[in-house]
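# A look at the structure
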Amino acid sequence: MDLKLLFMSTLFGIICCSSAQQEGNECIKANALSCGECIQVGAKCGWCTDTEFLKQGEPTSARCDELESLRKRGCDATGIEDPRGSLKILKNKAVTNRKKGAEKLRPEDITQIQPQKLSLNLRSGEPQNIKLRFKRAEDYPIDLYYLMDLSYSMKDDLENVKNLGTSLMKEMSKITSDFRIGFGSFVEKTVMPYISTTPAKLLNPCSGDQNCTSPFSYKNVLKLTSNGAQFNSLVGKQQISGNLDSPEGGFDAIMQVAVCREHIGWRNVTRLLVFSTDAGFHFAGDGKLGGIVLPNDGKCHLENNMYTMSHYYDYPSIAHLVQKLSENNIQTIFAVTEEFQPVYKELKNLIPKSAVGTLSANSSNVINLIIDAYNSLSSEVILENSKLPEGVSISYQSRCKNGVVNEGENGRKCSNISIGDEVSFNINITAQGCPKQGKPESIKIKPLGFTEEVEIMLNFVCECECHKHGIRNSEMCHNGNGTFECGACRCNKGRVGRQCECRKDEVSTEDLDKNCRKDNGTDICSNNGECVCGTCECKKRDNPEERYSGKFCECDNFNCDRSNNKLCGGHGRCECRVCICDANYTGSACDCSLDASTCLASNKQTCNGRGICECGTCRCTDPKFQGPTCEICPTCPGVCTEHKECVQCRAFGTGEKKDTCERDCSYFNLIKVKDREKLPQPVQAFPLMHCKERDANDCWFYYTYAVNNTEREVHVVETLECPAGPDIIPIVAGVVTGIVLIGLALLLIWKLLMIIHDRREFAKFEKEKMNAKWDTTDNPIYKSPVNKFQNPNYDGHKAVTL
């Protein structure tokens with residue numbers, strides 16, 4: 001079992017080590033041929049511009065490595081190109097601290113999100129962090145557009161909505177002093193195959209003597225206004241219409257309300273759309289039933305406040321509506337009857353920043369519904385971003401009320417925000433590589449349902465600073481066959497080699513390959529590289545710390561001798577398979593220290609005069625002595641007495657050193673055994689001393705003292721042997737005497753009680769005997785013991801009594 005665990009742990013360590021190496025070699029594996037290519041690999045990569053940096057056999061791509069590795073390989077910090085990304089705030093207007101009743105501000109003067117504009121320089125793999133603040137401003141303006149289904153089933157609802165303007169204005173004044181309201185209505189497209197009815201029926205689609213207006217798709221009845229009485233007046237003039245199928249054409253109306261900004265009168269404030277109906281909805285594809293096949297174009301088609309293209313364009317899809325509502329920062333409130341709650345709740349899940357309320361049968365609760373839905377929508381802030389450029393990623397972390405921190409998708413939002421509350425967001429933007437064109441990009445981040453947004457300009461760090469100073473057609477690149485930049489040649493098209501000395505079509509020929517064989521052997525570049533233009537370019541290892549080098553790639557820096565599982569003992573570097581030791585170290589694995597200070601004893605003698613200092617360690621010449629400086633003699637007299645107090649305090653917590661035990665007695669390993677038979681015997685490979693000592697209570701304890709290499713070990717019997725001393729006899733005698741006396745006393749008491757009991761019983765018997773009265777009649781079963789017999793020959797004389 002132990003071997004299995006050892007194998008598993010070793011295998012796990014190898015896998016972890018291999019994984020760590022794989023993660024750390026992205027710079028080497030990229031084979032970057034220029035500084036620009038190198039820095040796009042990742043944030044850990046740097047490029048060495050020192051012209052003398054590369055060793056013989058190393059390719060140009062070896063200049064690209066992790067920063068720490070470049071420094072270890074001898075590249076000076078001033079020669080390492082490692083451009084960093086940066087962030088600059090261009091517009092940083094503070095959030096508005098406005099209270100209701102204060103001086104009225106224009107909507108464009110109110111700020112709820114900060115900062116408003118930034119510029120980022122993105123280095124590949126290096127995230128840039130943006131901190132955003134959001135604060136719900138008090139007394140923020142609100143635009144509300146009421147979009148109502150005017151099919152016949154909503155007749156009683158229209159009566160209640162006619163007075164909605166002034167009532168809603170009164171309620172909303174408790175939230176904001178700047179409120180505007182508008183009104184629109186919808187029924188259905190008029191071109192459907194199932195509307196096969198006469199023109200007169202279309203003019204008045206209601207049955208019987210009901211007076212209804214002709215069906216229409218969408219009508220903008222009232223542009224947003226702060227005049228509640230005007231709302232009541234115009235809505236009061238509206239007439240119900242009719243429709244032959246249950247689903248209505250509300251999606252057409254929502255699309256027009258969202259995109260016809262000028263007609264509706266939307267401002268850059270909180271925009272609410274209340275959609276009121278008691279039916280379902282048609283969506284994209286349903287228009288084919290009426291021969292309408294063109295998809296909705298998402299544009300405004302209002303003429304004289306009527307939607308004029310309902311017969312031409314199909315209904316919009318749900319995704320199309322979501323896009324347009326989001327683009328125009330409109331928050332939707334679905335006020336629908338109980339019957340259609342499940343349908344619109346599913347729709348709500350698809351439309352961000354929307355709410356569903358249950359509309360009573362006659363819409364009498366519409367004001368409370370709107371207030372509740374608004375409070376629900378405005379208490380949550382959700383950030384969204386525009387489409388990201390290729391290779392750019394974004395992550396969010398929100399810090400909400402009461403210290404709540406959210407990450408992942410939940411990091412985009414904060415809930416339960418009241419007016420005046422402030423929350424913050426940490427946003428990380430990271431680029432991987434550079435866009436193909438390398439041109440600046442722009443993205444926007446905004447809270448859903450709000451008109452404010454943050455604009456972020458993205459610039460990409462695609463080249464090194466040294467790239468600007470490159471020399472085209474440089475003589476350093478084989479007669480001008482390349483550009484010398486950042487310490488290396490960037491070859492012109494069709495040229496290869498470290499100095500661009502070869503054409504691609506002559507990279508590998510028999511004559512050139514001869515130059516890559518050591519001692520005219522058969523192996524090209526010692527099988528550790530490739531022959532390029534007659535010069536060996538050594539291959540790379542997965543571990544970036546390990547490299548081949550040399551004219552024929554015959555050298556490496558990882559096949560030297562090891563000590564303590566460390567290359568060159570950790571005291572040197574491996575060059576061409578030979579350890580170059582640090583100062584004061586020698587040996588093939590640099591494992592022999594020349595520093596004799598470690599052999600000096602406290603008396604300043606080398607190995608206490610009992611040994612020789614070899615490689616920084618004492619070799620004791622006297623076999624009786626051991627220890628780092630030959631100071632320990634486990635079998636010498638006095639050893640047991642020397643360690644008695646420490647063994648006593650460590651094993652039993654007693655003795656003179658019990659108060660200073662931890663400080664004075666931690667120089668040996670203590671091992672407890674059950675009895676003396678478990679103590680080690682002198683057959684061990686190292687000297688061992690058996691000890692028997694007595695403590696202050698005349699108790700004996702047994703232990704062994706030994707030195708195993710430099711480790712001191714003490715095995716001690718865990719129980720003391722304490723004989724019964726003479727002082728305990730009086731105690732025992734006293735205890736026995738006491739027990740005997742107690743027994744006698746109990747016996748006397750029992751005897752006394754028995755005598756008293758017997759006397760009472762005897763007296764009781766005598767009394768009963770005196771009171772007894774006996775009957776004098778003969779006992780019927782009594783027989784006299786006297787028998788009389790008469791001889792038959794009796795002659796009259798007295799009978800003889802027997």
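Residues numbered from 1 in each chain as written. Predicted model: local features only at pLDDT ≥ 70, side-chain atom pairs only at ≥ 80, totals over all residues. Heavy atoms only, no water.

Our focus in this paragraph is the overall build of the protein. The helix and strand tally for the protein stands at 17 helices and 42 strands. With 802 residues in all, the protein has 43% of them scored as buried. Put simply, of all contacts in the protein between residues at least 6 apart along the chain, 60% involve residues at least 24 apart. Surface summary for the protein: the accessible area is close to 44,600 Å², and the carbon and sulfur share equals 51%. (Helix = DSSP H or I, 4+ residues; strand = E, 2+ residues; numbered from the N terminus. Buried < 20%, exposed > 50% of the residue type's maximum accessible area, 1.4 Å probe, protein only. Contact = heavy atoms within 4.5 Å. Areas by Shrake-Rupley, 256 points an atom, 1.4 Å probe, with all protein chains shown as cover.)

Hydrogen bonds between backbone groups are what pair the strands of a sheet, and the pairing can be parallel or antiparallel. If you trace the four strands from one edge of the open sheet to the other, you get β39-β42-β41-β40, paired in mixed fashion. Looking at strand neighbours, the two that pair on one side only are β39 (669-673) and β40 (688-694), the edges of this open sheet. The average angle at which neighbouring strand axes cross in this sheet is 25 degrees, direction not considered. With six bridges joining them, strand β41 (residues 700-708) and strand β42 (residues 711-717) adopt antiparallel strand pairing. When the sheet's bridge partners are listed, Thr704 is paired in β42 with His715. Across the sheet, helix α15 (residues 639-652) is in contact with β39, β40, β41 and β42; its angle to β41 comes to roughly 110 degrees. (Pairing = 2+ DSSP bridges. Axes fitted to C-alpha atoms, helices over the stretch in contact; angles between N-to-C directions.)

Enumeration over the complete set of coordinates arrives at 26 disulfides. Residue pairing for Cys640: its cysteine sulfur links by disulfide to Cys691, the two sulfurs lying 1.8 Å apart. What sets the handedness of the Cys640 and Cys691 disulfide is the S-S torsion sign, and at about -75 degrees it is left-handed. A residue pair is termed long-range when its members are at least 10 positions apart, and Cys640 in helix α15 and Cys691 in strand β40 qualify at 51 residues. With a relative accessible area of 14%, Cys640 lands in the buried category. Here Cys699 pairs with Cys722 through a disulfide, and the sulfurs are 1.8 Å apart. Its torsion about the S-S bond being 120 degrees, the disulfide of Cys699 and Cys722 is classed as right-handed. Remark: Cys722 occurs in the loop between β42 and α17 (728-770) and Cys699 occurs in the loop between β40 and β41; sequence separation between them is 23 residues. Its relative accessible area of 47% is what places Cys722 among the partly exposed residues. (Disulfide = S-S within 2.5 Å.)

Next up on the list: the confidence of the model for the protein. Of all residues in the protein, 87% attain a pLDDT of 70 or more, and the chain-wide mean is 83. pLDDT under 50 marks residues 1-24. Its contacts with residues more than four places away, or in other chains, come to seven contacts. Contacts for the low-pLDDT stretch residues 192-198, under 50 throughout, to residues beyond four places or in other chains number 16 contacts. (pLDDT = per-residue confidence, 0-100.)

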